[in-house]
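# An overview of the molecular structure
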Amino acid sequence: MKRRKILIIDDEQSLLESLEMFLSEKGYVVGCALTANEGLEKNRSFEPDVIILDIRLPDMDGLEVLQELRKNYKGKSVIIITAFHDMDTTIKAMKQGACEYITKPIDIEELEEAIGRALKLGRSMHGADALSLDPSLTYEKGKIKGKSRVMKEIFKSIGMLSENGVTVLIEGETGTGKELIARAIHYHSPYKDHPLLAINCSAIVGTLLESELFGHEKGSFTGAIATKRGKFELAGDGTIFLDEVSEIPFELQAKLLRFLQEKEFERVGGEKSLKSNARIIAATNKDLRQMVKNGIFREDLYYRLSVAIIKVPPLRERKSDIPLLIEYLIKKINSELHRSIRKVEEKAVNQLKNYDWPGNVRELENILTRAAIATQDEVILDDLITPLLGKKEDKDRLKQDVPNILSLQEVEKEHILRVLNHARWHLGKTCELLGISRPTLRQKLKEYGISPALQMP
Ligand SMILES: Nc1ncnc2c1ncn2[C@@H]1O[C@H](COP(=O)(O)OP(=O)(O)OP(=O)(O)O)[C@@H](O)[C@H]1O
Ligand SMILES: [Mg+2]
């Protein structure tokens, strides 16, 4: 295999020498420069794969050097070395596209890992083994993505159901896109210019929920200081989205049933019957039929709600949608976080495809967002994804109380984790609290297999 080339630009002769020795021993071809100008010159003649750049140089400002280096970027990655007091510069450097930064004194293991990542990044930027985003496609808010057979069926249902005003029940696990579907039905309907009002039935309790939905008359209960119109009145000819409909209290279910049967209702404390033309779309992640069997959800209401049913399958049952979703969600993240991620390494895509997704598309979006935040690059690499997916058993175990007698090592691991979580994974602070050096902490993290995936929720 072709030996990789590394260019080191640093004005500290002794550091330069020891790095050169260390990296040559590791099999790299190493070039050195003591000044910015020499470095820029060598960048052209030596054509390194990775550049290690000290941000403080005698002849030129480090950020300018970085900009110059970036001009003929060609996939090479720049690792910045800085002292702690250069924090502002570091932030600027990261914004300008340095791929890593390392603080002095240099932890050689940290540097080696950074070089490994930088090389991989260079390859991914140019290699074919990555999912590339088509730059001409822009992110459109509210789109439902999917090309699996079940999703195509759902698109058909949305089309059909948006034409008529029947009540729809959308069933699916958390994060599968139920609300997105409800909105799509409304915005494709002839009533799209009328309001779409969403209400989460689990978020509000008892009388307050009743008043939210149906309104109340002044003085009907403590706190009802003025007459208030409810969602059914406000929605007019539009749509009401009843999210988590399973959580409607039993007493209120009768009132909702009456509305579905007769389009009539009264405000809380009111006597006059009011009418509303609003369409109802309800969603649930619980099994309503089972609730009917258990006697906690009215059977007649269930039938009224489920005139049409859309069942949204969990993501793990439509894994062929994952690449398309990744592409779409990255575009969404780019647009919302002002990022410009262009590729996801194929290995990362495979990892995402193999995961079980208990939190479905929402969880996929969260993981991608966290990966996007954690990287400065235009590529999402798989070792960024690995710790985010984590192991389920680890998380479960962490939540439990200490079960029985632990070994000293287990106690140490638990304690390190506790401090890490306390310090929000700030490694510097963690070292300070634990009274150990950074290399020691790194070694222990490795030894115990501690990664950010073990973070407490
Ligand atoms: N097919 C899809 N295409 C694009 N984005 C999707 C898709 N499905 C879900 N999402 C996104 O995932 C997130 C969760 O979707 P949504 O809120 O509609 O799920 P939900 O089923 O209502 O979840 P919950 O039961 O937890 O309320 C949203 O950000 C949504 O935009
Ligand atoms: Mg929802």
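What comes next is a walk through the structure. (Residues numbered from 1 in each chain as written. Chains lettered and ligands numbered in written order. Predicted model: local features only at pLDDT ≥ 70, side-chain atom pairs only at ≥ 80, totals over all residues. Heavy atoms only, no water.)

This part is about the overall build of the protein chain. If you tally the helices and strands in the protein chain, you get 20 helices and 15 strands. If you sum the accessible surface of the protein chain, you get close to 23700 Å²; carbon and sulfur atoms cover 51% of it. (Helix = DSSP H or I, 4+ residues; strand = E, 2+ residues; numbered from the N terminus. Areas by Shrake-Rupley, 256 points an atom, 1.4 Å probe, with all protein chains shown as cover.)

Inspection of the entire model under this criterion finds 30 salt bridges. Across the salt bridge formed by Glu-247 and Lys-286, the nearest N and O atoms sit 2.6 Å from each other. Placement of the pair is Glu-247 in the loop between strand 9 (239-243) and helix 10 (250-262) and Lys-286 in the loop between strand 12 (279-284) and helix 11 (288-293), with a sequence separation of 39 residues. On the basis of relative accessible area, Glu-247 is assigned to the partly exposed category, the value being 30%. Accessibility expressed as a relative area gives 39% for Lys-286, which makes it partly exposed. Between Lys-332 and Glu-365 there is a salt bridge, with the nearest N and O atoms lying 3.0 Å from each other. Note that Lys-332 is positioned in helix 13 (residues 322-337) and Glu-365 in helix 15 (residues 360-374), a separation of 33 residues in sequence. For Glu-365, a relative accessible area of 21% translates into the label partly exposed. Through salt bridges with shared partners, a single network forms among Arg-258, Glu-262, Glu-264, Glu-266 and Lys-275. (Salt bridge = Lys/Arg side-chain N within 4 Å of Asp/Glu carboxyl O. Buried < 20%, exposed > 50% of the residue type's maximum accessible area, 1.4 Å probe, protein only.)

This part covers the sheet that holds strand 2 (residues 29-33). With respect to topology, five strands assemble into an open sheet ordered 2-1-3-4-5, the strand pairing being parallel. Each end of this open sheet is capped by a strand with a single partner; those strands are strand 2 and strand 5 (100-103). Averaged over all pairs of adjacent strands, the angle between their axes in this sheet comes to 20°, without regard to strand direction. Pairing of strand 4 (residues 77-82) with strand 5 involves four bridges; the strand directions are parallel. Pairing of Ile-80 across the sheet is with Tyr-101, part of strand 5. Helix 2 (residues 36-46) contacts strand 1 (5-9), strand 2 and strand 3 (50-54) of the sheet and is inclined by roughly 170° relative to strand 1. Along the sheet face, helix 3 (residues 62-71) touches strand 3 and strand 4 and points at about 165° away from the line of strand 3. (Pairing = 2+ DSSP bridges. Axes fitted to C-alpha atoms, helices over the stretch in contact; angles between N-to-C directions. Contact = heavy atoms within 4.5 Å.)

This paragraph deals with the pairing of strand 7 (residues 168-172). Counting buried residues along strand 7, five of its five residues qualify, which places the element largely inside the surrounding structure. Alternating positions in strand 7 separate into two faces, Val-168, Ile-170 and Gly-172 on one and Leu-169 and Glu-171 on the other, with burial throughout. Here strand 7 runs beside strand 12; their pairing, made up of four bridges, is parallel. Bridge pairing in strand 12 places Val-168 opposite Ile-281. Judged from the five bridges that link them, strand 7 and strand 13 (residues 308-312) form a sheet pairing that is parallel. Note on strand 13: the bridge partner recorded for Glu-171 is Lys-311.

It is worth spelling out the site of ligand 1 at this point. In the vicinity of ligand 1 there are 18 residues, among which Lys-145, Thr-174, Gly-175, Lys-178 and Arg-362 approach most closely. Thr-176 has a polar backbone atom sitting 3.3 Å from an oxygen atom of ligand 1. Here an oxygen atom of ligand 1 sits 3.1 Å away from a polar atom, N or O, in the main chain of Glu-179. Look at ligand 1: alone it shows 630 Å² of surface, and the protein chains cover 88% of it. Placement of ligand 1 is best described as lying within the second largest pocket. Those elements that provide at least two residues to the shell around ligand 1 are helix 7 (178-187), helix 13 and helix 15. (Near = heavy atom within 4 Å. Polar contact = N/O pair within 3.5 Å; in protein donor to acceptor, adjacent residues only side chain to side chain. 1 Å grid on protein atoms, 1.4 Å probe; cavity = no way out; pocket = protein on both sides within 12 Å on 5 of 7 lines; lining within 4 Å. Sits in = over half its atoms within 2 Å of the grid points.)

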